[in-house]
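Residues per chain are reported as follows:
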Amino acid sequence: RSVVVAIAYRESLDRYLTAIEAAGLQVVGVDLEAFALLRAVTEPRPASEEARAAIVAVCVGHERTTLAVSDGRVCSFARVIDWGGENVANVLSRALRISPVEAEAVKRSLSLEPGADAPENVDPSQAAEGVRAVKSELQSLVRELLSSLRFYQSQPGSLDIGEILVSGGTTSIP
């Protein structure tokens, strides 16, 4: 038997549960974001059909990133990475010497595209420094994701990766 164990951070869960209770709703189950993404955007593989490639879902949240690998029917690997969009705002705050609130606004208007205009109220040279800082910080996430996928693929019976789905607010930075 294969068993996937996922652990949730109580603080994150408590915020959602408080909101749900305030709305007069009842919780029936709690799910990992990446599992929900897999179910929302992929058709389940028929049981009679052999798995050919793995589907990877990556959800970049504000505080954490979740990753799940599925064969189209069963999730065979999951990981929670202590890295989120908040990290980008923090490096922008330090690099541009601005408050975290201001950095969050800059993050939403920043582009990593070469030759892109600087965000409003940000000097072009400061914007260039911010882009360098953000790209460096994103490398931390990339290393963690690659390490996770290499670990998954080192396991007996792992599949080649066929598709990677990515979601979360930070993924909207051009």
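Everything below is about the structure printed above this text.
These notes cover the structure that comes with them. (Residues numbered from 1 in each chain as written. Predicted model: local features only at pLDDT ≥ 70, side-chain atom pairs only at ≥ 80, totals over all residues. Heavy atoms only, no water.)

Broken down by element type, the protein chain carries 5 helices and 4 strands. Taken from N to C terminus, the helices and strands of the protein chain fall in the order α-α-β-β-β-α-α-α-β. With the C-alpha coordinates of the protein chain rotated into their principal frame, the extents come out at 60 × 45 × 25 Å. In the protein chain, which comprises 174 residues, the proportion classed as buried is 36%. Here the contacts in the protein chain between residues at least 6 apart in sequence split such that 55% fall between residues at least 24 apart. Carbon and sulfur atoms form 52% of the exposed surface of the protein chain, whose accessible area is close to 11,200 Å². Measuring between centres, the 17 positive side-chain charges of the protein chain sit 5 Å from its 23 negative side-chain charges. (Helix = DSSP H or I, 4+ residues; strand = E, 2+ residues; numbered from the N terminus. Buried < 20%, exposed > 50% of the residue type's maximum accessible area, 1.4 Å probe, protein only. Contact = heavy atoms within 4.5 Å. Areas by Shrake-Rupley, 256 points an atom, 1.4 Å probe, with all protein chains shown as cover. Lys, Arg positive; Asp, Glu negative; His and termini not counted. Charge placed at Lys NZ, Arg CZ, Asp CG, Glu CD.)

Moving on to helix H5 (residues 124-154). The terminal C-alpha atoms of H5, which comprises 31 residues, lie 44 Å apart, in line with the 45 Å expected from a rise of 1.5 Å per residue. For H5, the complete set of buried residues consists of Ala127, Gly130, Val131, Ala133, Val134, Glu137, Leu141, Leu145, Ser148, Leu149 and Tyr152. If you follow the buried residues of H5, they end up packed against strand S1 (54-60), strand S2 (65-70), strand S3 (75-81), helix H3 (85-96) and strand S4 (161-167). (Expected span 1.5 Å × (residues − 1).)

Where nonpolar side chains cluster on the molecular surface, the patch consists of Leu17, Val27 and Val30 and spans about 220 Å² of accessible area. Following the sequence through the fold, valine 30 ends up in the loop between helix H1 (10-22) and helix H2 (33-41). Given the relative accessible area of 54%, valine 30 is considered exposed. (Patch = residues over 30% accessible without salt bridge, like charges linked within 9 Å, V, L, I, M, F, W, Y side chains within 5 Å. Salt bridge = Lys/Arg side-chain N within 4 Å of Asp/Glu carboxyl O.)

Our next topic: the state of the cysteines. Applying the stated criterion to the full structure yields 0 disulfides. Sulfur of cysteine 59: no disulfide; nearest cysteine sulfur belongs to cysteine 75 and is 11 Å away. (Disulfide = S-S within 2.5 Å.)

Before going further, it helps to spend a moment on unusual backbone geometry. In this structure, arginine 97 takes a positive phi of about 55 degrees despite not being glycine. For arginine 97, the location among the structural elements is in the loop between H3 and helix H4 (100-109). The phi angle at asparagine 121 is positive, at roughly 65 degrees, despite the residue not being glycine.

Let us now look at the sheet that holds S1. Read across the sheet, 4 strands follow the order S3-S2-S1-S4 without closing on themselves; strand pairing throughout is mixed. At either margin of the open sheet sits one strand with a lone partner, and together these are S3 and S4. The mean inter-strand angle of the sheet, taken between neighbouring strand axes irrespective of direction, is 15 degrees. Judged from the 6 bridges that link them, S2 and S3 form a sheet pairing that is antiparallel. Considered in S3, the bridge of serine 70 is made with cysteine 75. (Pairing = 2+ DSSP bridges. Axes fitted to C-alpha atoms, helices over the stretch in contact; angles between N-to-C directions.)

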